[in-house]
Amino acid sequence: MNFDVYFMLSALQESLKYTWVTLLLAIVPFFFGILFGTVIAIIRFYRVKVLGELLQLFVVIIKGTPGMVMLLIVYFALIQGFDTISQTFHLAVKSKDINLIYIAFAALTLTATAAISETMRGALTAVATGQYEASYSVGLTKRQTLRRIILPQALPVAIPVLCSNLIGLIKGSSLVFMISVTDLMNAALIPANTNYKYLEAYIAAALVYWVLNVVVENIFFWLEQHLSTYKREVLV
Amino acid sequence: MIKITDIHKAFGKNEVLKGIDVEVAKGEVIVIIGPSGSGKTTLLRCINFLEKADSGKMTLGSTQVAFKHATSKEILAIRRQTAMVFQSYNLFNNKTALENVMEGLVTARKVPLRQAAEIGKNMLDKVGLADKHNAYPSRLSGGQQQRVGIARALALNPEVILFDEPTSALDPTLVSEVLAVMKKIAQEGITMIVVTHEMSFAYDIANRILFMDGGVIVEQGTPKDLFVNAKEERTKQFLKRIVPEWSYNI
């Protein structure tokens, strides 16, 4: 087998140029996923009537849809829907003028929201009922209890899974080549299209993903330590 | 000061409280005793709405509520006049001892931070934890945690403090430190309703003892009335089981 190290390095260089796209594709959906996911988790945790059940249905549907399928559904729905709307309103903007990265943001945010809502719901159940009772007994309202007592205890529980969620998003964002967005993987593959040295290109992309994910893991490990200072350390 | 009339509570088909009337005067120390499942804890938890009673009325200070139709505003008003000490302490795990004591003052009652800290420190000193202000609950022993729990209740300066078996989760060597603190505050004239299985402690601090069984108050009176001259057969049976040595002395 012939492994072209020099080509791999040049593919690496290309993918490094587009690493920020991958990061953006992971961090934006992650941010909105935490925002929407936490709200969904709280609504479902408190069993809000009707809304809670609707959101459960939403989560089940989104969770059961593969990332690639979701991306393509959102892509075609938006493209076709957009042109219909812009025709009825006689707008000059066409679907082909939309930056495709926004479609990727929308699809990945949907996937992230469903996953992170389950992470947060799990973390909420980890807080003992006695914490609510004590909080109510000193006169805190439901909202104050949630903000001051429950969420600060649920967050450290959620951190390791949130880390996995983010890593999942970083890896999952590689699907955006399907809708011709250039991310770090696509950038590594483009030069390989001319010389068929795909192995080198994929290994270059893998190396960047690996470094990114190690950095993310370290950040979350630090966060976890920082947020759980109140817990007793387990001796092993 | 507290008047509860005809309180009923059922969990599904299991009727736990079958129409109880209780009246507590200001500064009175009431101890509730009785076998497990007699409804003691449920009665206590209905007072500050940790359980919602099915029917009955309560007057606490100037607040009057019907248990079933209490609005969340009324519930909050009641909770801000009461405090509770739990069997399993239930200290806020994410807060230090001092922050635990300050939480209800700062967040619920909007006491300025500096004043709340001062009250909090005084209360912790009072329960003998002057050196543990900044310790998290995970670093405290059971007895210490429960004393923080008592300080947290005291700091709120409530009309009444509800004690739900405060020593049942402690090992015997730590029970006395908690009981000593409770005795001290009982002597200060704070209104207390205590559910406990510590009979000699009950005898010691109670102004009045209620004996509950099967969801009703079977008998009540001064410690002497109950422990020495119980009239009801059920009371005698219970006391004989729980404090056998008493039957030898009499």
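What counts and how
- Residues numbered from 1 in each chain as written.
- Chains lettered and ligands numbered in written order.
- Predicted model: local features only at pLDDT ≥ 70, side-chain atom pairs only at ≥ 80, totals over all residues.
- Heavy atoms only, no water.
- Helix = DSSP H or I, 4+ residues; strand = E, 2+ residues; numbered from the N terminus.
- Buried < 20%, exposed > 50% of the residue type's maximum accessible area, 1.4 Å probe, protein only.
- Contact = heavy atoms within 4.5 Å.
- Areas by Shrake-Rupley, 256 points an atom, 1.4 Å probe, with all protein chains shown as cover.
- Lys, Arg positive; Asp, Glu negative; His and termini not counted.
- Charge placed at Lys NZ, Arg CZ, Asp CG, Glu CD.
- Pairing = 2+ DSSP bridges.
- Axes fitted to C-alpha atoms, helices over the stretch in contact; angles between N-to-C directions.
- Domains from an automatic or database assignment.
- Buried area = accessible area lost by both parts, 1.4 Å probe.
- Patch = residues over 30% accessible without salt bridge, like charges linked within 9 Å, V, L, I, M, F, W, Y side chains within 5 Å.
- Salt bridge = Lys/Arg side-chain N within 4 Å of Asp/Glu carboxyl O.
- Phe/Tyr/Trp six-rings, centres within 6.5 Å; stacked < 30°, edge-to-face > 60°.
- Lys NZ or Arg CZ within 6 Å of the ring centre and 35° of its normal.
- Core = buried A, V, L, I, M, F, W, Y, C linked by side-chain atoms within 4.5 Å.
- Expected span 1.5 Å × (residues − 1).

## Looking at the overall build of chain B
- A count of helices and strands for chain B gives 10 helices and 10 strands.
- If one aligns the C-alpha atoms of chain B with their principal axes, the spans along those axes are about 55 × 45 × 30 Å.
- For chain B, the proportion of its 250 residues judged to be buried stands at 57%.
- Taking contacts inside chain B between residues at least 6 apart in sequence as the whole, the part at least 24 apart equals 63%.
- When the accessible surface of chain B is split by element, carbon and sulfur atoms take 48% of a total near 10900 Å².
- Within chain B, the 27 negative side-chain charges are centred at a point lying 5 Å from the centre of the 32 positive side-chain charges.

## Here's the deal with the sheet that holds strand S2 (residues 14–24) of chain B
All names here are of chain B.
- Pairing within the open sheet is antiparallel, and its four strands lie in the order S2-S1-S4-S5. Only two strands of the sheet have a single neighbouring strand rather than two, namely S2 and strand S5 (63–66). When strand polarity is set aside, the average angle formed by the axes of neighbouring strands in this sheet is 15 degrees.
- Sheet topology places strand S4 (residues 55–60) next to S5; four bridges connect them, and they run antiparallel. Across the sheet, residue methionine 58 finds its bridge partner in S5, namely valine 65.
- Sitting on the sheet, helix H2 (residues 72–79) touches S4 and S5, and the angle it makes with S5 is about 130 degrees.

## So, the side chain of Lys95(B)
- In this structure, Lys95(B) sits in the loop between strand S6 (82–85) and helix H3 (97–108).
- Not counting the four nearest positions on each side in its chain, Lys95(B) is found in contact with Arg148(A), Ile149(A), Asn100(B), Glu103(B), Tyr136(B) and Pro137(B).

## Quick look at the pairing of strand S1 (residues 2–11) of chain B
Residues and elements named next belong to chain B.
- Sheet analysis places S1 next to S2, joined by eight bridges and oriented antiparallel. Within S2, the residue paired with isoleucine 7 across the bridge is isoleucine 20.
- As consecutive antiparallel partners, S1 and S2 are separated by two residues, and within that stretch glycine 12 has a phi angle of approximately 65 degrees, a positive value.

## As for the domain arrangement of chain A
All names here are of chain A.
- Here chain A is described as being made up of domain 1 (1–18 + 182–236) and domain 2 (22–177).
- Taking only C-alpha atoms, the centre of domain 1 and the centre of domain 2 are 25 Å apart.
- Tallying the contact residues gives 17 residues for domain 1 and 21 residues for domain 2.
- Summed over both partners, the interface of domain 1 with domain 2 buries about 1500 Å², with 74% contributed by carbon and sulfur atoms.

## A look at a nonpolar patch on the surface
Residue and element names in this part refer to chain A.
- Together, Trp210, Val211, Val214, Val215 and Ile219 make up an exposed nonpolar region whose accessible area comes to about 480 Å².
- Within the secondary structure, valine 214 is located in helix H9 (residues 198–227).
- Among the residues examined, valine 214 registers a relative accessible area of 34% and is labelled partly exposed.

## Notes on the pattern of salt bridges
- Taken as a whole, this structure holds 15 salt bridges over all chains when the rule is applied.
- The salt bridge partner of Glu103(B) is Lys95(B), with a shortest N-O separation of 3.6 Å. In this pair, the class of Glu103(B) matches that of Lys95(B), namely buried.
- Salt bridges linked by common partners bring Arg44(A), Lys63(A), Glu118(A) and Arg121(A) together as one network.

## Some words on helix H1 (residues 40–47) of chain B
- Among the eight residues that make up H1(B), seven are buried, leaving the element largely enclosed by the rest of the structure.
- The complete set of buried residues in H1(B) reads Lys40(B), Thr42(B), Leu43(B), Leu44(B), Arg45(B), Cys46(B) and Ile47(B).

## A few points about unusual backbone geometry
- Even without glycine at this site, Asn90(B) takes up a positive phi of about 50 degrees.
- A positive phi is found at Lys110(B), a non-glycine position, where the angle reads about 55 degrees.

## A short note on the packing of aromatic side chains
- Evaluation of the coordinates by the stated rule reveals 12 aromatic pairs over all chains.
- Ring geometry for Tyr230(A) against Tyr136(B): centres 6.3 Å apart, planes inclined by 45 degrees, an arrangement best described as tilted. Here Tyr230(A) is found in the segment after H9, whereas its partner Tyr136(B) is found in the loop between helix H4 (113–126) and helix H5 (142–155) on a different chain.
- Their ring planes at 35 degrees and their centres at 5.1 Å tell us that Phe211(B) and Phe238(B) sit as a pair that is tilted. Of the two residues, Phe211(B) is situated in strand S9 (residues 208–213) and Phe238(B) in helix H9 (residues 233–242); the sequence distance between them amounts to 27 residues.
- For Phe211(B), a relative accessible area of 0% puts it in the buried group.
- An aromatic cluster of three or more residues is present, and its members are Phe31(A), Phe32(A) and Phe36(A).
- Sitting over the face of the ring of Phe92(B), Arg152(B) holds its NZ or CZ atom 4.7 Å from the ring centroid.

## Here's the deal with the nonpolar core
- Formed by 153 residues in total, the largest nonpolar core has its most connected members in Ile150(B), Met192(B) and Ile193(B).
- In this structure, this core is formed jointly by two domains, domain 1 (1–18 + 182–236) and domain 2 (22–177) of chain A, each of which donates at least three residues.
- Filtering out sequence-adjacent residues up to four positions away, Ile193(B) remains in contact with Ile2(B), Val24(B), Ile30(B), Ile32(B), Leu44(B), Ile47(B), Val160(B), Ile161(B), Leu162(B) and Phe163(B).

## A word on helix H4 (residues 67–88) of chain A
- The terminal C-alpha atoms of H4(A), which comprises 22 residues, lie 31 Å apart, in line with the 32 Å expected from a rise of 1.5 Å per residue.
- Buried positions along H4(A) lie against helix H3 (51–63) and helix H5 (100–125) of chain A.

## A look at the interface of chain B and chain A
- Listed as interface residues are 27 residues of chain B and, on the opposing side, 21 residues of chain A.
- When the two sides are added together, the surface that chain B and chain A hide from each other amounts to roughly 2100 Å², 52% of it contributed by carbon and sulfur.
- Looking at the side of chain B facing chain A, the largest losses of area belong to Phe92(B), Asn94(B) and Ser138(B), adding up to 25% of the total buried there.
- At the boundary of chain B with chain A, the tally comes to two salt bridges.

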